[in-house]
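Below are the chains, spelled out letter by letter.
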Amino acid sequence: NIPSGAPAELGAFLSLNIMMLNDSQISQAPIDFIEKEFCNAEWAIKLQAEHLSLQFDEMIDTYLKERKNDVIQVLERIFKNLEGNNFDWNNQGKLEKGILVTRDLSPADLVQFKDSNFAGFITDFGSLTSHTAIVGRNLDIPAVVGVTNARQIIRDDEIIIDGLQGVIIVNPDKLVLNEYKKRKKEWQESRQKLRSIRKNVTISQDGISVELLANIEVPEDVDDVKYNNADGVGLFRSEFLFLSKDNHIASEEEQFQAYLQVIKAMKKLPVTIRTADLGADKNPQWNATHGAADNPALGLTGIRLSLAEQGFFRLQLRAILRASYFGKVQIMFPMISSSWELKQAIHQLDLVKEELREEHIAFDENIKIGSMIEVPAAALSLKGILEQVDFISIGTNDLIQYLLAIDRNDESVNYLYDPLHPAVIKLLNHVIQSANKEQVPVSICGELAGNVKLTRLLLGIGLRKFSMHSANILNVKNIILNTNIAELESLVSKILRSENRDKIYDYVEKLNQDLNLF
C-alpha cells in the first residue's frame, strides 16, 4: 500500500515498475536464458541484469542513461525475492530514527521507508535525477545518493544528512548539531508555507504574470501536476511511450489513449507533446537499419530520426492530432537545427492532416506548432524558425552541453558544465529577447527552469514561461511572488556584460540575497 500523504508521483513510479515487470526484457528474457543455459532463475536474472546494464552504458542521453538504475532495481528486487532475502522494515530492533546507509534503494522500497524507523538514507549508487532521489525528495525524506563507498566509510557514527546541499557530516560537534536542528525547523516551516501558496496566481510584486508548467514522462505524472496547480504541461516526453517496448513500436491507438489520458486530466489547460526524441543508441530495433553511431548525440537523433523513419513519425503525428480534438494540444519538434529541417517536419504534419481530413477524422485544425531550441545553430539562426512556429521552448540541458562541448556523463569534465558560463547566459538572453521581439511565446523546459537560484536571473532577461518537474513548481512560484522584476534590471545588466565567472556568481548571489533558498 502507498502510505497516506505520499505524493501522487509515487504511484506513477510504482506503475512504471509494473510496466517494466511486464516488459519481455524482464518477463521473458530470463526464461529464454533458463531454456538455453539450463540455469536456475537467480542466474538467469543476473545474466539479464548484466545484459541490460551494458545496453544502458552505451547510451549518450544523460536522463535515459540514469534510468539504468530503475531497471536494475526491479531485477534486483526479483532476485532478492527468489533468494528469500527480504528486508523487514518494521523489525529493526531498538533502532530509533537511524540513518540507513545502503548500496541502493528502489522507489518501491520507499513505500515502506516512510513508516520505518529510519530518518533518512545514504546510497552508494544513484544521482539527483534518479527516481529514488526524486521520490525521496517528494516524501520529504532526507537523503544523499551516489556517495561512492559510503557503506565502507560510514560505521556506527552519529550522522547529519543535508539533503538540500548533498552533504553528510559524520560525528558533528555540539555547535554544528544545534545549527542543523535550527535549519531543520526553518525548512519544515518553509515547506508548510509553500503548500499554502499552491492555488495562488503566479504574479510578481510589480504585477507581471508568469506561467509555471510541468514536464511529464508518463500519463500517471499528471496527478502531481494537478496537485501543484501547474498552468499546463509544457513538455510531455513522448519517447517514454516507446522505450519500454521490445522490438515493437507503440501503435497509433496505444499512443492516442496515452495522450488522451493526459488531455482529459488537464481539462482545458494546454498539453505540449514533444514528438519522440529518440536516437539509434536508444532504440535497438532500429540499429539494424541505421547502425550504431560513433557519437549518437551528434547522429541520427530527435527530429532527424523521425524524418528518416517517416512511417513511425506519421503514426505518432496521427495519434497526437486525433487527441487534439479533445483538448488544448500543442506539438513540439525536438533537436531542430535549422529552419529547413523544421520545414520538413511541418510538411510531414501537413500530409498527416490531409490524410485525416480524407478519412473524416476530427482534429484541431488550428493546433499550435513549436520547436525545441537545444542546438546552438538553431539558437543563432532563430529568425527562420520563429517565422514558422507558434512557440519555442529552450532545452537547456542539451543546449549547454553542445555549447560548452561538455559531456555531463564524463566525470573527468562534467565539473565544467556551467549554466552560468557567460556564453550560456548571452545565448539564453539572445533567444528570449528575439522571441519576445517577434511576440513568439518562449519557455525553458530544461533543468534551469526549476533551479531556484536562477529564477530571478531568468525573469530579469525576460522569461515569462517556465516548464519544470512538478516538485519544483511551488519553490519557483514562491520566488516569483516575492520578486519585483523591474528591480532586477541593474544587476542582470551587469551579468549580461560580464565575462568574469566569479563576478557573475557574485551578482547572482546578490539577486537572491533577500531570499531563504531551501
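Refer to the structure above for everything that follows.
Residues numbered from 1 in each chain as written. Predicted model: local features only at pLDDT ≥ 70, side-chain atom pairs only at ≥ 80, totals over all residues. Heavy atoms only, no water.

Draft legend 1. Local environment of helix H23 (residues 489-497). For H23, the full list of buried residues reads Leu-491, Val-492 and Ile-495. Each buried residue of H23 sits inside an arc of 100 degrees when the element is viewed along its axis, so together they form one side. Facing away from the buried side of H23, by more than 90 degrees, are the exposed residues Glu-489 and Arg-497. (Buried < 20%, exposed > 50% of the residue type's maximum accessible area, 1.4 Å probe, protein only. Helix = DSSP H or I, 4+ residues; strand = E, 2+ residues; numbered from the N terminus. Arc of directions from axis to C-beta.)

Draft legend 2. Molecular detail of the pattern of salt bridges. Overall, the coordinates contain 18 salt bridges when judged by the stated rule. Asp-418 is paired through a salt bridge with Arg-501; the nearest N and O atoms lie 3.1 Å apart. Note that Asp-418 is positioned in the loop between helix H19 (396-404) and helix H20 (422-437) and Arg-501 in helix H24 (residues 501-511), a separation of 83 residues in sequence. Taking the relative accessible area as the measure of exposure, Arg-501 reaches 45% and is therefore partly exposed. One network of salt bridges, with partners in common, ties together Glu-252, Glu-253, Arg-314, Arg-318, Arg-322, Glu-355 and Glu-359. (Salt bridge = Lys/Arg side-chain N within 4 Å of Asp/Glu carboxyl O.)

Draft legend 3. Up close: the pairing of strand E11 (residues 391-394). Residues of E11 alternate between two faces, with Phe-391 and Ser-393 on one and Ile-392 and Ile-394 on the opposite face, all of them buried. Both strand E10 (residues 368-373) and E11 contribute to a ladder of four bridges, which runs parallel. Bridge pairing in E11 places Ile-373 opposite Ile-394. Pairing of E11 with strand E12 (residues 442-444) involves three bridges; the strand directions are parallel. From the neighbouring strand, Ile-392 faces E12, where its bridge partner is Val-442. (Pairing = 2+ DSSP bridges.)

Draft legend 4. Region of the structure containing the packing of aromatic side chains. For the structure shown, the criterion picks out four aromatic pairs. The interplanar angle of 65 degrees and the centroid separation of 6.1 Å between the aromatic rings of Phe-313 and Phe-333 together place this pair among those described as edge-to-face. One end of the pair, Phe-313, is in helix H15 (residues 310-324); the other, Phe-333, is in strand E9 (residues 329-333), with 20 residues separating them in the sequence. A residue is classified by how much of its surface remains accessible, and Phe-333, at 0% relative accessible area, is buried. A connected cluster of aromatic rings, assembled from ring pairs, spans Phe-256, Tyr-325 and Phe-326. When the ring centre of Tyr-180 is taken as reference, the NZ or CZ atom of Arg-183 above it lies at 4.8 Å. Above the face of the Phe-256 ring, Arg-322 is positioned so that its terminal group lies 4.1 Å from the ring centre. (Phe/Tyr/Trp six-rings, centres within 6.5 Å; stacked < 30°, edge-to-face > 60°. Lys NZ or Arg CZ within 6 Å of the ring centre and 35° of its normal.)

Draft legend 5. The arrangement of the packing of H19 against H20 in detail. The geometry of H19 relative to H20 is characterised by a closest axis approach of 10 Å and an angle of 130 degrees between their N-to-C directions. One finds that H19 runs oblique with respect to H20. The two elements H19 and H20 cross, and the hand of that crossing is right-handed. Two secondary-structure elements touch here, H19 through Thr-396, Leu-399, Ile-400, Leu-403 and Leu-404 and H20 through Ala-423, Val-424, Leu-427 and Leu-428. Along the lines of polarity and charge, the residues of the contact of H19 with H20 split into eight nonpolar, one polar and no charged. (Axes fitted to C-alpha atoms, helices over the stretch in contact; angles between N-to-C directions. Parallel < 35°, antiparallel > 145°, perpendicular 65-115°, else oblique. Left-handed = near helix turned anticlockwise from the far one by under 90°. Contact = heavy atoms within 4.5 Å. Nonpolar A, V, L, I, M, F, W, Y, C, P; charged D, E, K, R; others polar.)

Draft legend 6. Local environment of the nonpolar core. Of all hydrophobic cores here, the largest spans 96 residues; its most connected members are Tyr-259, Phe-333, Ile-392, Leu-428, Leu-457 and Phe-466. For Phe-466, the contacting residues outside a window of four places in its chain are Val-210, Glu-211, Leu-212, Leu-213, Ile-444, Ala-449, Thr-455, Leu-458 and Leu-459. Grouped together as the second largest cluster of nonpolar side chains are nine residues, Leu-52, Val-71, Ile-72 and Leu-75 included. (Core = buried A, V, L, I, M, F, W, Y, C linked by side-chain atoms within 4.5 Å.)

Draft legend 7. The environment of Leu-269, seen in detail. Within the secondary structure, Leu-269 is located in the loop between helix H12 (252-266) and strand E8 (271-274). Classification of Leu-269 by relative accessible area gives partly exposed; the value is 34%. Taking the C-alpha atoms as reference, Leu-269 lies 9.1 Å from Ala-230; in sequence the two are 39 residues apart.

Draft legend 8. Structural view of the side chain of Asn-215. Relative to the assigned elements, Asn-215 resides in strand E6 (residues 211-216). Look at Asn-215 and you get buried, because its relative accessible area is 9%. Side chain to side chain, Asn-215 and Ser-467 meet in a polar contact 2.6 Å long. Sequence-distant contacts of Asn-215, that is, excluding residues within four places in its chain, are made with Gly-234, Leu-235, Arg-237, Cys-445, Ser-467, Met-468 and His-469. (Polar contact = N/O pair within 3.5 Å; in protein donor to acceptor, adjacent residues only side chain to side chain.)

Draft legend 9. View of unusual backbone geometry. With a phi close to 55 degrees, Ala-405 is a non-glycine residue in the positive phi region. The topology assignment puts Ala-405 in the loop between H19 and H20. Residue class for Ala-405 comes out exposed when judged on its relative accessible area of 68%. The phi dihedral of Gln-439 falls on the positive side, at around 60 degrees, and the residue is not glycine. Taking the relative accessible area as the measure of exposure, Gln-439 reaches 72% and is therefore exposed.

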